[in-house]
Amino acid sequence: MSGATVGKLKAAQRIQSAAKDLFYRQGIRATGVEEVCRVAEATKMSLYRTYPSKDALIAAILSEDACEWDSWFAEVTAAAPSARGKLEAVVMAMAAKLADPEYRGCPMLLAQAEFPDPEHPTHQLVARFKARVCDCLSDLAREAGAAEPEMLGDMLGMMVDGAWASLPHLGGARAAETLRKGAETLFRSALPDDS
């Protein structure tokens, strides 16, 4: 690999890392490419050489977020001995994120809120991701013996997204506790007794 290629990769990585942090903390539309380049210590030419548009940079970041979620999901559920235990582990891990004072909410939902047009690529990317999350939850619900696994997966996904949306007015600790208690109630009514 040539020195120019290594330098390009490093600039691309710095740009994506800086943009990911800025977009999450400040918002996508509120953050210009000039600020991203300044924080990344890169030129606009470097940015546009790797990412032909701001939308391409957003897509790269959200794709990375989706991969990170996959790894997080696998890690969180790995030790649980049953499908129900895996669902409970996911809820507990999500509640822990909510309680973190640095946590602003789901980066996917934050991005989608800035692009409400259903035809926009960012909106569509997030919609596909959220559908996949609900499918993962539904698969676990099916394994756990839910009579209506798709409904349980969708309800759980909606509860999690609602908890994230409630962060500004409930605060992290209360949103986390509400999610935990709501999920317990949901699991009692939708899943067979685990004993």
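Peer 1: Would you take a moment to explain the overall build of the protein for this structure?
Peer 2: Across its full length, the protein holds ten helices and zero strands. Going residue by residue from the N terminus, the α and β elements of the protein occur as α-α-α-α-α-α-α-α-α-α. Across its three principal directions, the C-alpha atoms of the protein cover 60 × 40 × 30 Å. Counting all 195 residues of the protein, 44% fall into the buried class. Looking at the protein as shown, the accessible area adds up to about 10400 Å², and 57% of this sits on carbon and sulfur atoms. If the 22 positive side-chain charges of the protein are averaged to one point and the 27 negative ones to another, these points end up 7 Å apart.

Peer 1: Just to check I follow, could you spell out the layout of surface pockets for this structure?
Peer 2: Think of a ball as big as a water molecule: rolled over the atoms, this probe shows where empty space is left. For the largest pocket, the calculated volume is near 520 Å³. Mapped by element, the contributors of at least two residues to the lining of the largest pocket are α1 (3-26), α4 (54-77), α5 (83-99) and α6 (107-114). Sorting elements by how many residues they give to the lining of the largest pocket places α4 first, with seven residues. Per-class residue counts for the lining of the largest pocket are 17 nonpolar, one polar and six charged.

Peer 1: Hey, could you run me through the pattern of salt bridges in this one?
Peer 2: Opposite charge on two side chains allows them to pair when their charged atoms are near. Evaluation of the coordinates by the stated rule reveals 13 salt bridges. Note that Lys20 and Glu68 form a salt bridge whose closest N and O atoms lie 2.8 Å from each other. Taken together, the residues span a long stretch of sequence, with Lys20 in helix α1 and Glu68 in helix α4 at a distance of 48 residues. Of the residues examined, Glu68 reaches a relative accessible area of 41% and is grouped as partly exposed. A salt bridge links Asp139 to Arg142, with the nearest nitrogen and oxygen atoms 3.0 Å apart.

Peer 1: I keep staring at the packing of α6 against helix α7 (residues 121-143) and nothing clicks. Help me out?
Peer 2: For any two helices packed against each other, one specifies the inter-axial angle together with the distance between the axes. Taken N-terminus to C-terminus, the directions of α6 and α7 make an angle of 145°; their axes are 9 Å apart at the nearest point. In this structure, the crossing between α6 and α7 has a hand that is left-handed. Residues Met108, Leu109, Ala111 and Gln112 of α6 pack against Thr122, His123, Leu125, Val126, Ala127, Phe129 and Lys130 of α7. Each residue belonging to the contact of α6 with α7 can be placed in one class, and the counts come to seven nonpolar, three polar and one charged.

Peer 1: In this structure, what is going on with the packing of aromatic side chains? I would like to understand it.
Peer 2: By the definition in use, this model includes four aromatic pairs. Here Trp69 and Trp72 contribute two aromatic rings whose centre-to-centre distance is 6.3 Å and whose plane-to-plane angle is 40°, an arrangement assigned as tilted. In this pair, Trp69 and Trp72 both sit in helix α4, three residues apart, roughly one turn of the helix. Taken individually, Trp69 and Trp72 each receive the classification buried, so the pair is uniform in this respect. A ring pair is formed by Trp69 and Phe73, whose centres lie 4.8 Å apart and whose planes are at 25°; its orientation type is stacked. With a gap of four residues between them, Trp69 and Phe73 both fall in helix α4, about one helical turn apart. Phe73 shares its class with Trp69; the two are buried. Grouping aromatic residues by their ring pairs yields a cluster made of Trp69, Trp72, Phe73 and Phe129. One cation-aromatic arrangement involves Lys97 over Trp72; the distance from NZ or CZ to the ring centre is 5.0 Å. The lysine or arginine in question, Arg104, covers the ring of Tyr24, its NZ or CZ lying 5.8 Å from the ring centre.

Conventions used here
- Residues numbered from 1 in each chain as written.
- Predicted model: local features only at pLDDT ≥ 70, side-chain atom pairs only at ≥ 80, totals over all residues.
- Heavy atoms only, no water.
- Helix = DSSP H or I, 4+ residues; strand = E, 2+ residues; numbered from the N terminus.
- Buried < 20%, exposed > 50% of the residue type's maximum accessible area, 1.4 Å probe, protein only.
- Areas by Shrake-Rupley, 256 points an atom, 1.4 Å probe, with all protein chains shown as cover.
- Lys, Arg positive; Asp, Glu negative; His and termini not counted.
- Charge placed at Lys NZ, Arg CZ, Asp CG, Glu CD.
- 1 Å grid on protein atoms, 1.4 Å probe; cavity = no way out; pocket = protein on both sides within 12 Å on 5 of 7 lines; lining within 4 Å.
- Points joined across faces, edges and corners; volume = space filled by probe spheres on them.
- Nonpolar A, V, L, I, M, F, W, Y, C, P; charged D, E, K, R; others polar.
- Salt bridge = Lys/Arg side-chain N within 4 Å of Asp/Glu carboxyl O.
- Axes fitted to C-alpha atoms, helices over the stretch in contact; angles between N-to-C directions.
- Left-handed = near helix turned anticlockwise from the far one by under 90°.
- Contact = heavy atoms within 4.5 Å.
- Phe/Tyr/Trp six-rings, centres within 6.5 Å; stacked < 30°, edge-to-face > 60°.
- Lys NZ or Arg CZ within 6 Å of the ring centre and 35° of its normal.

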